[in-house]
Every structure is written in structure tokens, then in C-alpha cells.
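Coordinates in review
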Amino acid sequence: MRPVAPRRGPWRRRGLAALATLALAGMVAALAAWGFLRASLPRLDGTVAAAGLAAPARIERDAQGVTTVTAANRADLAYATGYAHGQDRFFQMDLLRRIAAGELSALVGADAVPLDRRNRLHRFRARAEAAYAALDAGGQALLRRYADGVNDAVRALRARPFEYALLRTRPEPWRPEDTLLVVDAMYLDLQSGEISRVLGRGLLRDTLPPDLLAFLTPGASEIDAPLDQAPVAIPALAVPATRPDWLDAPVAMGSGAGAPRAAASPFGAMVARAMQAGLDGNAAVGSNSFAVDGAHGAGGRAMVANDMHLGLGLPNIWYRLTLVLSGPDGKPARRVSGVSLPGTPLVVAGSNGDVAWGYTNSYGHYVDLVRVERDPADPRRYRGAGGEWRLAEEHVETIAVRGGEPVRLTVRETPWGPLFRSGDASYAIRWVAYLPEAVDLGLMAMEQARDLPQALAAAQRAGVPTQNILVADRHGRIGWTLAGPLPASTLDPQGYPVPASALGARDRSGPVSGADPQSRSASTSSADSAPADEAPLRRMAPADYPVVLDPAAGRLWTANSRQLGDAAMQARIGDGGADVGTRSRQIRDDLLARPSSRESDLLAIQLDDRATWITPWRDLLLASLDAEAVADHPRRAEMARLVADWNGRADADAVGYTLLRDFREALYQAWFGGLDARLAARSAADRQAGRPGWPLALGRASSRLEAVMRVLARDRAWVPRRYADWRAFMLAMADEVIAQDDAGGGLAQARWGDRNRLALAHPFARLLPSALGGWLSAPATPMPGDLHLPRVQRPAFGASERFVVSPGQEQSGILHMPGGASGHPLSPYFLAGNAAWMEGRATPFLPGEAVHRLDLRPAARQ
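Since the structure is predicted, the reported quantities are computational estimates derived from the model, not experimental observations.

**Observations regarding the packing of helix α19 (residues 634-644) against helix α23 (residues 726-743)**
- It is the contact of α19 with α23, at a shortest axis distance of 10 Å, that shows an interaxial angle of 90 degrees. The orientation of α19 relative to α23 falls into the category roughly perpendicular. Residue-level contacts link R635, R636 and M639 of α19 to L731, A734, D735, V737, I738 and D742 of α23.
- Residue composition of the contact of α19 with α23, grouped by class: five nonpolar, no polar and four charged.

**Points about the sheet that holds strand β20 (residues 478-483)**
- The mixed open sheet is built from eleven strands, whose spatial order is β1-β28-β2-β3-β7-β8-β9-β10-β19-β20-β22. Across the chains shown, the open sheet's two edge strands, defined by having one partner strand only, are β1 (46-50) and β22 (548-549).
- Where strand β9 (residues 347-351) lies against strand β10 (residues 355-361), two bridges are found, and the strand directions are antiparallel. Counted as the bridge partner of S351 is A356 from β10.
- Across the sheet, helix α12 (residues 452-461) is in contact with β10, β19 (467-473), β20 and β22; its angle to β20 comes to roughly 10 degrees.

**Some remarks on unusual backbone geometry**
- Omega for the bond connecting L314 with P315 falls within 30 degrees of zero, at 0 degrees, which places this linkage in the cis form.
- Inspection of the secondary structure puts P315 in the loop between β6 (309-311) and β7 (319-326).
- One non-glycine residue, D632, adopts positive backbone phi at about 65 degrees.
- For D632, the position within the fold is in the loop between α18 (627-630) and α19.
- The backbone of R716 shows a phi angle near 50 degrees, a positive value even though the residue is not glycine.
- Here R716 lies in the loop between α22 (705-714) and α23.
- Note on R716: relative accessible area 57%, which makes it exposed.

**A closer look at the side chain of D307**
- Residue placement: D307 occurs in strand β5 (residues 303-307).
- No salt bridge is formed by the buried D307, whose closest oppositely charged neighbour, R802, lies at an N-O distance of 5.1 Å.
- Here Q606 takes part through its side chain, which lies 3.3 Å from a polar atom of the side chain of D307.
- Among residues more than four places away in sequence, those in contact with D307 are S287, N288, F290, Q606, P790, A799, E801 and R802.

**Describing the pairing of β9**
- Most of β9 is tucked away, with five of its five residues classed as buried.
- With four bridges connecting them, strand β8 (residues 332-340) and β9 associate as antiparallel partners. Within the sheet, the bridge partner assigned to S340 lies in β9 and is V347.
- Between β8 and the antiparallel strand that follows it, β9, lie six residues; G343 among them carries a positive phi value of about 110 degrees.
- Here β9 hands over to β10 after three residues, with G353 in that stretch at a positive phi of 95 degrees.

**Remarks on the sheet that holds β5**
- One open sheet accounts for five strands, arranged β23-β4-β5-β26-β27; its pairing is antiparallel. If you trace the sheet from one side to the other, it starts and ends with β23 (555-558) and β27 (814-816), each paired once. Each strand axis lies, on average, 10 degrees off the axis of its neighbour in the sheet, ignoring direction.
- Note that strand β26 (residues 802-805) and β27 share three bridges and pair antiparallel. Its bridge partner lying in β27, R802 is registered against H816.
- The strands touched by helix α15 (residues 582-592) are β4 (288-292) and β23; relative to β23, the strand with the most contacts, the crossing angle is about 160 degrees.
- Contacting β4, β5, β26 and β27, helix α16 (residues 599-606) crosses the sheet at an angle of about 155 degrees to β26.

Basis of the calculations
- Residues numbered from 1 in each chain as written.
- Predicted model: local features only at pLDDT ≥ 70, side-chain atom pairs only at ≥ 80, totals over all residues.
- Heavy atoms only, no water.
- Axes fitted to C-alpha atoms, helices over the stretch in contact; angles between N-to-C directions.
- Helix = DSSP H or I, 4+ residues; strand = E, 2+ residues; numbered from the N terminus.
- Parallel < 35°, antiparallel > 145°, perpendicular 65-115°, else oblique.
- Contact = heavy atoms within 4.5 Å.
- Nonpolar A, V, L, I, M, F, W, Y, C, P; charged D, E, K, R; others polar.
- Pairing = 2+ DSSP bridges.
- Buried < 20%, exposed > 50% of the residue type's maximum accessible area, 1.4 Å probe, protein only.
- Lys, Arg positive; Asp, Glu negative; His and termini not counted.
- Salt bridge = Lys/Arg side-chain N within 4 Å of Asp/Glu carboxyl O.
- Polar contact = N/O pair within 3.5 Å; in protein donor to acceptor, adjacent residues only side chain to side chain.

As far as function goes, none of this settles anything; it's purely spatial.
And the structure:
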């Protein structure tokens, strides 16, 4: 009798049916998600009725998505600009206003509370509301119309922007004062690092002998390349007699911050981490701008080149924009082209046909910290400059938390500024960003500037984070000044915290050690009742701003380093962490080497990846790897060969550059790693105590460590005792690099591009499986460039735009950006222009022929 076969047919059919049902459900869900995403794309063509327009306006986009907005008056132009920004970049704008206001937790949850607590301390929402109220009627009307355009664009979408769907929430309306909050967000990005600098310098002063402190914190160096080419008095930098006590101590690695708590939401955690990026550790410094006058520009044309280096993401921080104000005859009466900051109704950098302008961060001295004595029994009481007890003004800030209980934060303000605690001390922040006129619409005056003097005057009066501005006009002239507020006085020009009691002593008996004899203390509240030694912080008069006009060399350059050799003029700017000067020097030399420059020549300087800054370290390593050192050491011999054969560039295939970078980093850690660990421990302790954990590091407290390291190498100093002598120290550092790179595949495989792969992505990119992550990211391309050379490039930091333009000859200009106009991954303009930016290809400054036209018509009045 044969066994009976099991009856598998019905079960198999049922299983297959179930699988088919699941597959169908998956397909339906995928199609629904796809349909939702498609529905959140904006309408680019047709006609839209818009309430409040005085006349028709138009939004045009070319084949790359570059936007041109045309209107008959400035209010309608603001509305149409807001409409375009709202269509393409609303989520980015929302993040910027929330970061500044300390309101990110309401959107993404508890993971953002530490960031919100830190930023809410500044009370920028209240300051923005006050700044809006202080605008004239025309300025307020302009911001209202811009906000109307933003909100109408978001309402016109068939589905909410996809980020809000993922976060399961809806966008909040844009308010007129939110534009000023966007400017405040740039203050946080560009100036708040000075809080860490001053705090770190104070910790160094409290713990180091004076000779060691002076050596680690030089105010100038031979690497500086001031744009006025005036001689700089540079004190000789000599290794101090005091040997650092950290040099021979073991370095405890790790943050000491304790175990991370569970994330409230994966989406919220990712956004919070993305927004926190750059706030911890050593902040990257970058931006280049340079100009040639008509005598040194092709065809007698003055030109400006600008590449502002910022954190990179998708969408890009900037938005390419041309504003066209049409005349009574319908023809363009004024055209301004360049880059705008979504959230604001103007072109930030570019050309208006008569003048062209660009920026770099000035890194002046804009933040003072006042150390105050607090009453342990009453958190409101502190001692004023005269020693008397005073009461701080209290503001209770409520931080809304999505999915959680609100967090209450009490901000206590003194006449100097808000109080915070670090370690056992309390400090008041005195920051130029707190000035009532620190944010305004003054930069719009650049639209109508007709020549160099008018442009510089407009910049000096503008309410923006204080920048170096370079201007060229169509008459062939070039000039430099500061755009944004300069403080009329500072409390300590050297950037150390100032005890409140020292301010009182100065007022009674003259200057005190460590304080500016010309300065007075500041007030951000209760100014009318403040005593004389707590008079309000004031803005420097524009007539007192430093200016360089028509330089004899016919060229100007800025790259975040010291601006002027003239000590008296430089003192008006101060030093809030100016870069060491390697980029400025290389750009200067590139400019002066060319008797005449075209746009392509200036782009070549922006793309210059020659790593001349690392030459001293190459010489040191090769001298150490002499015949005796490499004998019977094949790995050392290979290292010496790779470094000797290196082409001198930080290009993607460079192996020698990688080895030199690693060698210098090993020396840095040997010399300063122990000190960095001490500074980081203070930050970690503050975070654990629930206080603002300002990131502390030696590189923040002293921005000229490259000069310090070169002196140490020159004098063969600071050999840790675990090494017999200097030679043994150098060979140990080389062997450390060899071991590190061998673990990564071998010396010959240590290509710089593999260390410098582009990480350009939307904040949500890491939430997707790797197979889908590319949907929200640019290709992880190996990139040339680094931090100390003109082509500044790190995985998530670099040129947020590059342009070269001559006013009146914009058709010959160049402009490209790492990302496109749209923040929507299904848009063809999400990554438009990325390939040209990565490859350094010249693409036109002006938009091309329109392929999309959206007409905005005045809505019929009811």
C-alpha cells in the first residue's frame, strides 16, 4: 500500500493568495505615498489669484529651476518672493526660525530640548517682535506681504510638505517677525561660537601660568595677510619656560557625557542631531571673498568673487534669485541677481548692475562675558559693578515639547545680558546681537546702490551678523568695510571674561587690568535704571567703521583672518576667533601673480586645492624619515616615498596629503590632547548638570594654533617624557600614522578623497534604508579640498555657493551651488547644479530662458 501524499494544493494556494494580498497592499501603500509626495510638489505654471497685489507679478524658473521674480512695486515683489520661497523651501525656513527662537522641540520632540534651552536663553523671539515693532511702516508692510506670499504658497499645495507628513504634524503660518528670526539664526551660526571662545579663554587663564597662556593664545602671527598690506607688529613667539603639566599625563578619551537617553522619536532625534551639528567640538572656519579693480580685470572691469563656506545640507542654505522691479512701461527698471536666504525678501549677495558684493564672516569681537557673583539663597540676586546687590529681571520661557510635557525655563537678565552658569561661576552675555537694531531690512538698500560709496554706506548701516563685505562697481572701483553692527566698546579686547567688580573699579579709578579703557558695560534691559557703569551697549557710528577704498595693489581679499595691519583700525573690529591666515595668504599670492584676471581666473582661485599650508610638516616628516630611520623599516620607507612623490595638492587621489594630515594630527594630540580633554570635561559636566554645555576646545579658545605648532617644531620642544628625545618622538608619530593607515587598508590606499567624501543630505536621509537614502542625498563623491586652503571642503562643510561677477557684465558671470532650488526630492530641481559645483564647472550667473511661468494676478475684491 502506497503512502498517501499530503494535500498541499489548497494551503499553497491560500499562502500564495495571502502573499499576493500583502504585495498588493504594499504596492497600494507605496503608490499612495508616491501620490502624496507628488501632491506636495508646487504648481509652477498657470495663473494664481493673489489677494493684496497692486499689479500683476510673475515667478519664472529656468531649466535648472533658477527663479526670477518680477513685479511693479517692492511690496508685490516681496509677496512674490515669499510665494516662491514658500513653494520651494518652507521646511528649511521653519527650521531656521525655530532654531533661533528655541522652538524646535515643539516640532520634533524632546531630543531638541537641550538645543532649545541653550537658544531660548537669548530670547530671540521677544527680540524679533521688538525689532519688528521698531521698523517703520514701510518695513512692516513689506514683511507682512512677504509672509502673505509664503502662507499663500503653502496653502496652495495639494498636500502639506512631506517633512510634516513624516513628523505627523502641520506647518505653522509664517509671521512677519519670523523673517527677523531667520537673521537671528545666522547670528547664532556665525557669532555664538564666541561665547565658547571667551569661556574657554577664561578657563585657560584660571588654570595656566601666564607665560604658557600667552604662548598658546597669540594675537597675531607671521601667517597673517592683512588686506590693507600695512606692516603688522608681531611679537616674537617663543616657547615658554613652563612645561605643560598635561604633556606627560594620560589622556582619558571619551566625552564623559554619560549614557544617552532614549530618543522620543526617530524623526525628532535625527532633526535635532542635524541642527546640533557644528555646535560641538572645533567649529570649522571658512569663507573667501576677493576682488580686482578695473586696472587688473579683463576689459577694464572690476570683479568680485565670493564663496561662503557653511555647513552643507539639502536643501542648500541659499536660493538663487533674480528680482526684477519693472517700470511704468513694463520694462525692467532694476534687476538684482545672486543668492537669497529663504525667509527673507531680498538678495543677500550678488549684483544689481551697478555694484556687486560678497561676504566673509568677520570674526570680530562681538561677545563679552561678565562674571557675576550670585546670591546662593536667591537666584535673582547678583552683585552689580559697584558691589551692591541687584535683582535680575526674570522671564519665564515655556518650551513646548511635541509628545511631552512643556519645559519651563527661567531666563534672568542683567543690564549686561542674560545669565548662565558654567562650573562654579555665573556669567552675563553681552552680545551685539542683542542690540535693537541688530536685525532689520537695511541690506535692501544694496538694491539701489549706484556706486562703491553708496554700497559701503548701506552695508555699514545694515542689521545683519557683522561681515566683511567686498564691493566692486561698474566704474572699476573696489572697496571693503564691515556690514552689520560693530560695538562702540568692548569690555576686554583680549576676549577674556571680565569680573563685574572690575568694571566698577574701572569706573571709580580708571582702567583695570584686562579691560578696555575706552569701554563701558552693557545693558539689554532695565537700561533707564542702570547706574553709570552699566550704560547700554551701543553701536559704533558708521563714520567710525574701518574702510579700505581703491587699494594701491588693485586687489582685495578676505578669508576670515585678521583684516588690517593698522592696529588702531583693527582694534575697532577686535578678534573673536579670526582664522590663522593660510587661506588669505594663498589667495593674496594667487591674485598678485596675475596682472589681469577674467572670471575664469577668479574661479580657478576659488578651486585652488594646493596645500601650501602643510609644507612645514612635509619638511619635518621627510627630515625625520632619513636613511637611518628607514633602514630595515620598509613601512617607513614607503611612507617617505609617498610623501616625497606627493603633488602638493589636497586632491581626491592624494595619498601623501592624507599621511601629512595624519602626522600633524598626531603631533597636535601629543601636544594638546590632554588640555582638550580638560576643557571637554567642563562642557560635559555642565551638560550633566542641565546647564548650557557650551563646547570648549583649545581650537576655539585660540585660533592661531598652527603658528604655535610651527614654533614648537622649530624649537624641537615639548617632547613627552615617554620618548627619549625629539627624534624618537617624531619617529613614534610617524609609526602611529603607519599603524593607523595600515588598519585602514595600507598606506598606498590612504586616498584623501576617501576621507573627504561628500555628505550632502536632507536631515531625514539617514532615516531611510541605505538603498533609499540616495533619494534624499547627493552622491558620496570623493572631494578635493580641505580647511586651510582656498578650496575649503569637508564632507559636510564647504562652499555654499561660488560666484564671480562684474557689475554691468552679469552675462559673463559664474555662479553654482551644491544643491538646487527645491527642497522636494521629487522635484527635478532638488539637486540641479550639484554636478557643476562638485566638478568646479563654470555655469552662468544669470538665469536662463524661462521654462515655467506662474502669473500672480490681483484677486477680485469682494
